[in-house]
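Topology and contacts: notes
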Amino acid sequence: MEGGDLGGGKSARAACDGWLCFEDEAGFTRRPPKGRTWGRRGSTPIVKVSGSRSGRISVAGLIAMRPGSRTRLCHRLRRHTGRKGERRSLSEHDYIGLIDGMHQLVKAPIVLVWDRLNTHVSHAMRDLIDARDWLTVFVLPAYAPELNAVEYLWAHVKRSLANLASVALDRLEALVRNRLKRLQYRSDILNGFLTGTGLSLDLPPPSP
C-alpha cells in the first residue's frame, strides 16, 4: 500500500486477530444518477428533476472482514443544506467516529485501508490515529479505486437510485439510509464487493 503504515509501527499488533476494513465516501444529490430502463419504442422515458442544486448528502462507508466472521458494514451520514458557512464535507471527527463505532462493534484491532483524501492524511487525522493503539492505517495508491471494496458499494447503491424522480433532501437521506441498512444484513453481497477488488482475501463463506 502506498504511504505505508500511518499508525506509528502498530502493524504487528493490529494485524493479530484484527479486522481488515475498507473505507470510502460518496455524495448524493437531488439530481439522480442516470440508468437504463424500459420504454415504448420511439418514446424515450423522461424523468423530470428539480433544477435546484442546493443540498447534498455525504456518506462514509466502512466494510470490515475477518476470516471466519460475518462481514460487517457501518456508515456515517451528514446532510448539507447549502447554508452559508456550513461545512460541505465530512470532517476528521466524522471519520474517526465511524472507525470508533466499528471498533466497538467488533471489539478487536482494526487494519484500515483508504485513499489519500486530504481529510484522511491531515495532521489532525494523524493525531487521532496515533491516539488509538488498536488502529493501523494503510493508504491506497493514487487513482486505484478498483482496489477499494466500498467503491463497489456506492455503485450498487447509486444503481438502486437511478432515475429517481426529484425528492426533498430529507427523503433522499431516508432512501440512502434504507439502502445501506438492508445491505448490513447481506454479508453475501458485501463479500461480493470484496471479491470485486481482485485482491487475495480469505473471505468467509456466504451466509445461508
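Treat the numbers as computed from the prediction; the structure is a model and nothing was measured.

Side note on the overall build of the protein
The secondary structure content of the protein amounts to 6 helices and 5 strands. Going from the N terminus to the C terminus, the protein shows its helices and strands as α-β-β-β-α-β-α-β-α-α-α. Within the protein, the proportion of its 208 residues that are buried is 40%. Restricting to contacts in the protein with at least 6 residues of sequence separation, those with at least 24 account for 77%. As displayed, the protein has an accessible area near 11,700 Å², and 51% of this comes from carbon and sulfur atoms.

A few points about helix α5 (residues 169–183)
Structurally, the α-helix is built with 3.6 residues per turn, so residues lying three or four positions apart point the same way. Taking 1.5 Å as the rise per residue, α5 with 15 residues should run 21 Å; its terminal C-alpha atoms sit 22 Å apart, in good agreement. Within α5, the full set of buried residues consists of L169, L172, E173, L175, V176, R179, L180 and L183. Down the axis of α5, the sector holding all buried residues measures 160°, keeping them to one side. Considering only its buried residues, α5 is in contact with β1 (19–28), β2 (56–65), β3 (72–80), α4 (149–160) and α6 (187–196).

Describing the side chain of E92
Along the polypeptide, E92 turns up in helix α2 (residues 92–106). Excluding residues within four positions of it along the chain, E92 makes contact with R87, T119, S122, A124, M125 and L128.

Some thoughts on unusual backbone geometry
Across residues other than glycine, the phi torsion is negative in most instances, and most of the peptide bonds are trans. One non-glycine residue, K107, adopts positive backbone phi at about 50°. Examined against the element boundaries, K107 turns out to sit in the loop between α2 and β4 (110–114).

What about the confidence of the model for the protein?
The predicted structure's coordinates, where accompanied by low pLDDT, should not be read in detail. Residues of the protein with pLDDT of at least 70 account for 75%, and the chain-wide mean is 83. This model gives residues 3–8 a pLDDT under 50, and the stretch forms 19 contacts once residues within four places in sequence are excluded.

Considerations on the pattern of salt bridges
In the structure shown here, the tally under the stated rule is 6 salt bridges. In this structure, D94 and R76 form a salt bridge, with 3.6 Å as the shortest nitrogen-oxygen distance. Of this pair, D94 sits in helix α2 while R76 is found in strand β3, placing the two residues 18 residues apart along the sequence. Here R186 makes a salt bridge to D188, at a shortest N to O gap of 3.0 Å. A residue is classified by how much of its surface remains accessible, and D188, at 30% relative accessible area, is partly exposed. Residues joined by salt bridges that share partners form a network here, namely R76, R78 and D94.

Basis of the calculations
- Residues numbered from 1 in each chain as written.
- Predicted model: local features only at pLDDT ≥ 70, side-chain atom pairs only at ≥ 80, totals over all residues.
- Heavy atoms only, no water.
- Helix = DSSP H or I, 4+ residues; strand = E, 2+ residues; numbered from the N terminus.
- Buried < 20%, exposed > 50% of the residue type's maximum accessible area, 1.4 Å probe, protein only.
- Contact = heavy atoms within 4.5 Å.
- Areas by Shrake-Rupley, 256 points an atom, 1.4 Å probe, with all protein chains shown as cover.
- Expected span 1.5 Å × (residues − 1).
- Arc of directions from axis to C-beta.
- pLDDT = per-residue confidence, 0-100.
- Salt bridge = Lys/Arg side-chain N within 4 Å of Asp/Glu carboxyl O.

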